[in-house]
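The primary structure of each chain is shown beneath.
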Amino acid sequence: MAKLLDESVAVMANGLRFKTARDLFAACPAIARDMRSLPTDQRSIEFCRDLLAGRVPEEAVTFCAYLLPERAAVWWAHECLSHLADLLDETDHQLLPLVHNWVGEPDSRRHQAALSTAGATPPTTPVGWIALAAGWRDNGSATAATMTPALLPFPAAHAINAGILAGLARVALADRFAVLSAFVEMGIQMAEIEALSQAADAD
């Protein structure tokens, strides 16, 4: 049993988009503008859990946003914010289904058009950020029609991170770390599932 577990962990680690934190930072330099922790040669999941246990646990959310592939990251953010439904306003409740539909059919012109309209104004709510991220294309760049100039240098992960952290800021302080931890564990789980899926496709 232990051997099978070790093999499963090895498959997940090898299937991750970025095996180590340093790999991720090298591939996505923009992450250095969203977090202050410096990368190490730790495996990505270990690094993320250390961030969660560190002085700025919010950086674990940031790391997950960059670690996950864009579509998976948008779904992760959607699930996180869906758990905060009581803290969201009417605008967010209108945007959540649009994000959900996009994740299910990201190539649908109807869903793309709905998100493009939603993202035409600067995001002011948690789900507004996620809707903006879902509308971004070309390796994380947003189309000019849906971006403000200040956001041009940032990848979609920046918006995903901003949306989740904006949602967390609405959680009562006494509960915030528990909710943050649950969100990060969900992100890690999704990264592991993505890794296993990638490994299966490669076989």
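Residue indices begin from 1 for each chain and proceed along its sequence in written order. This being a predicted model, a pLDDT of at least 70 is required before a residue's local features are given, and a value of 80 or more before pairs of side-chain atoms are given or counted; all residues contribute to the totals for chains, interfaces and linings. Hydrogens and water molecules were not included; the side-chain quantities draw on all heavy atoms of the structure.

(A) Representation of the confidence of the model for the protein in the model. A residue's pLDDT is the predictor's confidence in that residue, given on a scale from 0 to 100. Of the residues in the protein, 76% have a pLDDT of 70 or more, and the chain-wide mean is 81. Averaged pLDDT values over the elements of the protein bottom out at 35 in helix H1 (residues 2–15) and peak at 97 in helix H5 (residues 58–67). Contact criterion: two residues are considered in contact whenever any of their non-hydrogen atoms come within 4.5 Å of each other. Here residues 1–15 is modelled with pLDDT under 50, and outside its nearest four sequence neighbours on either side it reaches 11 contacts, counting other chains as well. Between residues 137–153, whose pLDDT stays under 50, and residues either more than four places distant or in other chains, the model counts 25 contacts. Helix and strand definitions here come from DSSP, where helices need a minimum of 4 consecutive H or I residues and strands a minimum of 2 consecutive E residues; each element is numbered from the N-terminal end.

(B) Region of the structure containing the environment of Arg49. Residue placement: Arg49 occurs in helix H4 (residues 44–52). Along the primary structure Arg49 and Ile188 are separated by 139 residues, whereas in three dimensions their C-alpha atoms are 8.8 Å apart.

(C) Looking closely at helix H9 (residues 126–134). Among the nine residues that make up H9, nine are buried, leaving the element largely enclosed by the rest of the structure. Taken together, the buried positions of H9 are occupied by Pro126, Val127, Gly128, Trp129, Ile130, Ala131, Leu132, Ala133 and Ala134. Burial here depends on accessible area, computed with a 1.4 Å probe over protein chains only, as a share of the maximum for the residue type. Under 20% is buried, over 50% is exposed, and the range in between is partly exposed.

(D) Structural context of the side chain of His78. Along the chain, His78 turns up in helix H6 (residues 70–82). Overall, the relative accessible area of 7% leaves His78 in the buried class. By the criterion applied in these results, polar contacts are pairs of N or O atoms within 3.5 Å in which, for protein atoms, one can donate a hydrogen and the other can accept it, and in which residues neighboring in sequence qualify only through two side-chain atoms. Within the structure, His78 has its side chain in polar contact with the backbone oxygen of Leu96 (distance 3.5 Å). Among residues more than four places away in sequence, those in contact with His78 are Leu96, Val99 and His100.

(E) Broad picture of the pattern of salt bridges. Whenever Lys or Arg places a side-chain nitrogen within 4 Å of a carboxyl oxygen from Asp or Glu, that contact is recorded as a salt bridge. The full count for this structure, using the stated rule, is two salt bridges. As a salt-bridge pair, Asp41 and Arg22 come within 2.7 Å of each other at their nearest N and O atoms. Separated by 19 residues along the polypeptide, Asp41 in the loop between helix H3 (31–34) and H4 and Arg22 in helix H2 (residues 21–27) bring together distant segments of the chain. Residue class for Asp41 comes out exposed when judged on its relative accessible area of 56%. Residue Glu185 pairs with Arg49 through a salt bridge whose shortest N-O separation is 2.9 Å. You can see Glu185 sitting in helix H11 (residues 173–202) and its partner Arg49 sitting in helix H4, a full 136 residues away along the chain.

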